[in-house]
Amino acid sequence: MANHKKTQKPRKPQKHLPKVGTPADNAYRLKRSREDLLDFGLIKIPKGAARPIIAGIAIVVVLLVVLAFIALT
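What comes next is a walk through the structure. Source: prediction; values computed, not measured.

A count of helical and extended segments in the chain gives 3 helices and 0 strands. In the chain, which comprises 73 residues, the proportion classed as buried is 1%. Carbon and sulfur atoms make up 68% of the accessible area of the chain, which amounts to about 7,800 Å² in all.

Shown next, in the form of structure tokens:
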């Protein structure tokens, strides 16, 4: 049997929140509220996924333009 304690993935380090009412807490809340206002309604895309998504959309647009050109002639 495998020893699961040795084979488990290491945990990510936890980022603890600052204590309530401290200047660090006020700064954290202000930063998060500004991020929420700016990112409202937007879809968060992972960094590595942006290029394939944009390339796929570009290919679809080019194909639609070619099909529209063929249909009009």
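What follows covers the pattern of salt bridges. Using the criterion set out here, one finds 1 salt bridge in the structure. Close ionic contact of Arg 32 with Glu 35 constitutes a salt bridge, the shortest N to O distance being 3.6 Å. In this pair, Arg 32 and Glu 35 both sit in helix 2 (residues 23–38), 3 residues apart, roughly one turn of the helix. Given the relative accessible area of 40%, Arg 32 is considered partly exposed.

Further remarks concern the side chain of Asp 25. Along the chain, Asp 25 turns up in helix 2. In this structure, Asp 25 is buried with no salt-bridge partner, the nearest side chain bearing the opposite charge being Arg 29 at 4.2 Å. When residues no more than four places from it in sequence are discounted, the contact partners of Asp 25 are Pro 18, Lys 19 and Val 20.

This brings us to helix 3 (residues 50–72). With 23 residues, helix 3 ought to run about 33 Å at 1.5 Å a step, and its terminal C-alpha atoms sit 33 Å apart, in line with that. Taking burial as the measure, the 23 residues of helix 3 include 0 buried ones, a minor fraction of the element.

Moving on, we get to a nonpolar patch on the surface. A cluster of nonpolar side chains, Val 60, Val 62, Leu 64, Val 66, Leu 67, Phe 69 and Ile 70, forms an exposed patch at the surface whose accessible area comes to about 700 Å². When you line up the elements, Val 66 lands in helix 3. According to the relative accessible area criterion, Val 66 is partly exposed, its value standing at 41%.

About the cut-offs
- Residues numbered from 1 in each chain as written.
- Predicted model: local features only at pLDDT ≥ 70, side-chain atom pairs only at ≥ 80, totals over all residues.
- Heavy atoms only, no water.
- Helix = DSSP H or I, 4+ residues; strand = E, 2+ residues; numbered from the N terminus.
- Buried < 20%, exposed > 50% of the residue type's maximum accessible area, 1.4 Å probe, protein only.
- Areas by Shrake-Rupley, 256 points an atom, 1.4 Å probe, with all protein chains shown as cover.
- Salt bridge = Lys/Arg side-chain N within 4 Å of Asp/Glu carboxyl O.
- Lys, Arg positive; Asp, Glu negative; His and termini not counted.
- Contact = heavy atoms within 4.5 Å.
- Expected span 1.5 Å × (residues − 1).
- Patch = residues over 30% accessible without salt bridge, like charges linked within 9 Å, V, L, I, M, F, W, Y side chains within 5 Å.

Don't take any of this as a statement about function, it's just geometry.
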